[in-house]
Amino acid sequence: MDWSALLYNPVLILLRVLGGLGIFLYGMQTMSEGIHKWAGPRLHGVVQGLTSTPLSAIVTGAGVTALIQSSSATTVVLVSMVNAGLIPLRNAIAVVMGANIGTTFTAWAVSLLGFSLDISSFALPAIAISLPFRFSRREGNKRFALILLGFGLLFLGINEMKTGMSALDQSDFISRVLLIFPEKGLGTRLIFILVGAGLSVVLQSSSAAITLTLTMVYLGQLPFSLAAAIVLGENVGTTLTAYFAALEMSVEARRCARSHLLFNIFGVIWMFFLLNPMIVLLDILVPGSLSNPPGTTFHLAAFHSLFNIVNTLLLAGFIPQIEKLVVRLIPDRKTDLPEGGALAWISGNLPEARDANLIIAGGAVLKLSREVRIMADYVINFFEPSLDERQELSALIEKKEQSVDGMEESILTHLSECALQNLSEEQAQWVAARMRIIGEYERIADGLVNIHNLSEKLLRKKSGAGSESVDQILEIAFAVRDFLEYISTLLDHAVADREMELARTMEEEIIRFRNKLDKISRKRIKSGGNLKGELLFMEIVRRFETIGDDCISIAKELSR
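A few points on the structure. Every value quoted in this text rests on a predicted model; they were computed, and no experiment measured them. (Residues numbered from 1 in each chain as written. Predicted model: local features only at pLDDT ≥ 70, side-chain atom pairs only at ≥ 80, totals over all residues. Heavy atoms only, no water.)

## Thoughts on helix H16 (residues 319-329)
Every buried residue of H16 is listed here: Ile319, Ile322, Glu323 and Val326. Buried residues along H16 cover an arc of 100° about the axis, so they all sit on one side. Residues of H16 that are exposed and angled more than 90 degrees away from the buried face: Lys324 and Arg328. (Buried < 20%, exposed > 50% of the residue type's maximum accessible area, 1.4 Å probe, protein only. Helix = DSSP H or I, 4+ residues; strand = E, 2+ residues; numbered from the N terminus. Arc of directions from axis to C-beta.)

If you want it as structure tokens, here you go:
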């Protein structure tokens, strides 16, 4: 048997290339997971806090994406933050533009390290060094091991792809395929744009797709113009991950994903017609020759960066118009705003999917807190209006209670599913804390219903409740409402000591109100006041104080 002929069998060589691609993808996923566990919550805070202006949002998007090496991960998490109401749509559009620039860092890293150095000389040692850290008890060491292991596997995969593609070249398989297409035709350019888009969708990673493209260019198997067309297609293909993830989310989240798709499609359209002049410009600006393989990879990396930078510069001044366009394309609908429906779920066990699902849960808890505050306003207002308005408020309170119960159930179900994922220790603690917070909000909602039922009895004429009693109840009621509102502002971050101190001060004020009103009521009873009415009065005050206790419990959960 001719074993040498078998070694150059295109099918076996292709399997080797795909194996190298698999190692690369696994390495990128592992490294990304390590980075997410190390810096994920901090990065979310950066994205949320540094996006007040278009420039800062673009820079933030570029920086975060360059660090985590995935524009898909950035946009999936970003869409989840928009869904949760943590970032306005206009700011998110600017972050998306920056993410497109940040993702070009991969091409530069692969061009500079993947083809210019002997990869195997440091890829395998990196994997070896990661092993002792992998079995460490310290969480920080385990995260470092994931980053180092992913780094080694990533470049080992590039080496395998390069070796496999080199062998494939000797079989003349690629050259025979390319003979079908005329290199300079617009039809060919469109076909290769579609190939690039399909490649990103299938691999679920534009970084893997561009690395494969760079490998073919480095080996001289793919003309530069066709490689550039593939890169354009990969820019569009990478938007579909977030686009599909947003389908079950809110209107604002879908608008964010749609803006990303439109932004990239616009860029591909103008570059489709200006590709040849851009290639000439690159040949002038970038050192090296297009006929020299190392120079070709640098040119392709430069093309990827220049295209996204120019596209961002062209559209950065039109962010308000892009926002209006996507609002028109995806209008508001009543069915998009369910109260208590199932939360969106991002499938998969990738770091960005886990992060996105936790962000969705956090946003839902924030919305729940707002619903409970509205319910508290209804209960407080019940003490003031005429009888007809009280009947209307009773119906609103009942409806809001049902809404809150449905939200609580859906959030707990979502958090339970999150708990089954491969969470870091910090994320697992976050999920457990949110489950306990949901329990506190459930008790608060039940307490408000009880107060409403008691107030109906108190306000009947036969109970003898005067305007003085109502005004006194409103004192503690307003203090509790302020406490509920303050607690809502703490839900999206870890509570600092000064914030916890203010929460304790608000709780102490409610306790002082309760003690004062208790004494006043006892005096009225001794003076011959209506016993039934005063007992109802004291019970309502006690229930309000209990809600204050629930609020401080939430603050303690957030401060851990």
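## Observations concerning the nonpolar core
One finds Tyr441 and Ile444 to be the most contacted residues of the largest nonpolar core, which totals 62 residues. Residues Ile158, Trp270, Val286 and Phe303 belong to the second largest nonpolar core, which totals 51 residues. (Core = buried A, V, L, I, M, F, W, Y, C linked by side-chain atoms within 4.5 Å.)

## Focus on a negative patch on the surface
Taken together, Asp405, Glu409, Glu442 and Asp446 make up a surface patch of like negative charges. Taken together, the elements giving at least two residues each to the negative patch come down to helix H18 (387-419) and helix H19 (425-458). Checked against the element boundaries, Asp446 lands in helix H19. Overall, the relative accessible area of 34% leaves Asp446 in the partly exposed class. (Patch = residues over 30% accessible without salt bridge, like charges linked within 9 Å, V, L, I, M, F, W, Y side chains within 5 Å. Areas by Shrake-Rupley, 256 points an atom, 1.4 Å probe, with all protein chains shown as cover. Salt bridge = Lys/Arg side-chain N within 4 Å of Asp/Glu carboxyl O. Lys, Arg positive; Asp, Glu negative; His and termini not counted. Charge placed at Lys NZ, Arg CZ, Asp CG, Glu CD.)

## A short note on a nonpolar patch on the surface
Together, Val11, Leu12, Leu14, Leu15 and Leu18 line one region of the surface with nonpolar side chains, adding up to about 450 Å² of accessible area. The residue Leu14 is located in helix H2 (residues 10-49) in this model. Classification of Leu14 by relative accessible area gives partly exposed; the value is 39%.

## Let's talk about the side chain of Ser469
Residue placement: Ser469 occurs in helix H20 (residues 467-489). Of the residues examined, Ser469 reaches a relative accessible area of 8% and is grouped as buried. If we skip the residues at most four places from it in the chain, Ser469 touches Arg524, Glu534 and Phe537. (Contact = heavy atoms within 4.5 Å.)

## Some words on the environment of Phe105
Relative to the assigned elements, Phe105 resides in helix H6 (residues 105-114). Each C-alpha atom, one on Phe105 and one on Thr65, is 8.6 Å from the other, the two residues being 40 residues apart in sequence.

## With respect to the side chain of Thr312
As for its position among the elements, Thr312 is in helix H15 (residues 293-315). Residues within four places of Thr312 in sequence aside, it is in contact with Ile58, Met97, Ile101 and Phe263.

## Quick look at the pattern of salt bridges
For the coordinates displayed, the defined rule picks out 14 salt bridges. Between Arg255 and Glu252 there is a salt bridge whose closest N-O contact spans 2.5 Å. With Arg255 and Glu252 both in helix H14 (residues 251-285) and three residues apart, this pair spans about one turn of that helix. Arg504 is paired through a salt bridge with Glu501; the nearest N and O atoms lie 3.8 Å apart. Of this pair, Arg504 and Glu501 are both found in helix H21 (residues 497-526), three residues apart, which corresponds to roughly one turn of the helix. Of the residues examined, Arg504 reaches a relative accessible area of 34% and is grouped as partly exposed. Look at the salt bridges and you will find they share partners, linking Glu440, Arg443 and Asp550 into a network.

Interpretation note: all reported values are geometric properties and have no functional meaning in isolation.
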